[in-house]
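So the chains spell out like this:
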Amino acid sequence: MCLPLHSNRTHPAIGYLGPCGMNSPHTHPRASEINFSINTTLRGGVLVENGARFAEIDIRPGTATVFPQGAIHFEMNPSCEDAMFVAGTLYASLSPLES
């Protein structure tokens, strides 16, 4: 579940993942994503374009990572407790509808 908190060029949301939960692989064609872990370590994965290798990262509480615009990525909660995080898409233009 995500609760939107819209502003100019960012669209942050508070997210929750249950134990062993996963935000399935997805992409943001017009935006990068920043993901900040609140209370538990999340595992993230990213595959950028042009055949680059797959990379995994542990997002520890109080830290963040950025997934580049257009990169296929996911977040998962490998722990046995509920996870809370803040994720925000960072658009290059003022409106996500502008190209």
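Let me begin by describing the structure that accompanies this report.

Cut-off values and rules
Residues numbered from 1 in each chain as written. Predicted model: local features only at pLDDT ≥ 70, side-chain atom pairs only at ≥ 80, totals over all residues. Heavy atoms only, no water. Phe/Tyr/Trp six-rings, centres within 6.5 Å; stacked < 30°, edge-to-face > 60°. Helix = DSSP H or I, 4+ residues; strand = E, 2+ residues; numbered from the N terminus. Buried < 20%, exposed > 50% of the residue type's maximum accessible area, 1.4 Å probe, protein only. Core = buried A, V, L, I, M, F, W, Y, C linked by side-chain atoms within 4.5 Å. Patch = residues over 30% accessible without salt bridge, like charges linked within 9 Å, V, L, I, M, F, W, Y side chains within 5 Å. Areas by Shrake-Rupley, 256 points an atom, 1.4 Å probe, with all protein chains shown as cover. Salt bridge = Lys/Arg side-chain N within 4 Å of Asp/Glu carboxyl O. Pairing = 2+ DSSP bridges. Axes fitted to C-alpha atoms, helices over the stretch in contact; angles between N-to-C directions.

Here we come to the packing of aromatic side chains. All chains considered together, the criterion is met by one aromatic pair. Residues Phe54 and Phe74 carry aromatic rings whose centres are separated by 6.2 Å and whose planes lie at 10 degrees to one another, so their mutual orientation is stacked. Separated by 20 residues along the polypeptide, Phe54 in the loop between strand E5 (42-47) and strand E6 (55-59) and Phe74 in strand E8 (residues 72-76) bring together distant segments of the chain. Given the relative accessible area of 11%, Phe74 is considered buried.

Moving on: the nonpolar core. Ranked by size, the top nonpolar core spans six residues in total: Leu17, Leu42, Ile59, Ala83, Phe85 and Ala87. The leading source of residues in this core is strand E9 (residues 83-91), at three residues.

It is worth spelling out a nonpolar patch on the surface at this point. A contiguous nonpolar patch, built from Ile34, Val66 and Leu90 and spanning about 210 Å² of accessible area, is present on the exposed surface. Look at Leu90 and you get partly exposed, because its relative accessible area is 33%.

As for its position among the elements, Glu49 is in the loop between E5 and E6. On a C-alpha basis, the gap between Glu49 and Gly70 in space is 7.8 Å, while along the polypeptide they are 21 residues apart.

The next point concerns the sheet that holds E5. In spatial order, the strands read E3-E8-E5-E6; together these four strands make up an open sheet with antiparallel pairing. Single-partner strands in this sheet number two, and they are strand E3 (22-26) and E6. Averaged over all pairs of adjacent strands, the angle between their axes in this sheet comes to 15 degrees, without regard to strand direction. Looking at chain direction, E5 and E6 are connected through five bridges and run antiparallel.

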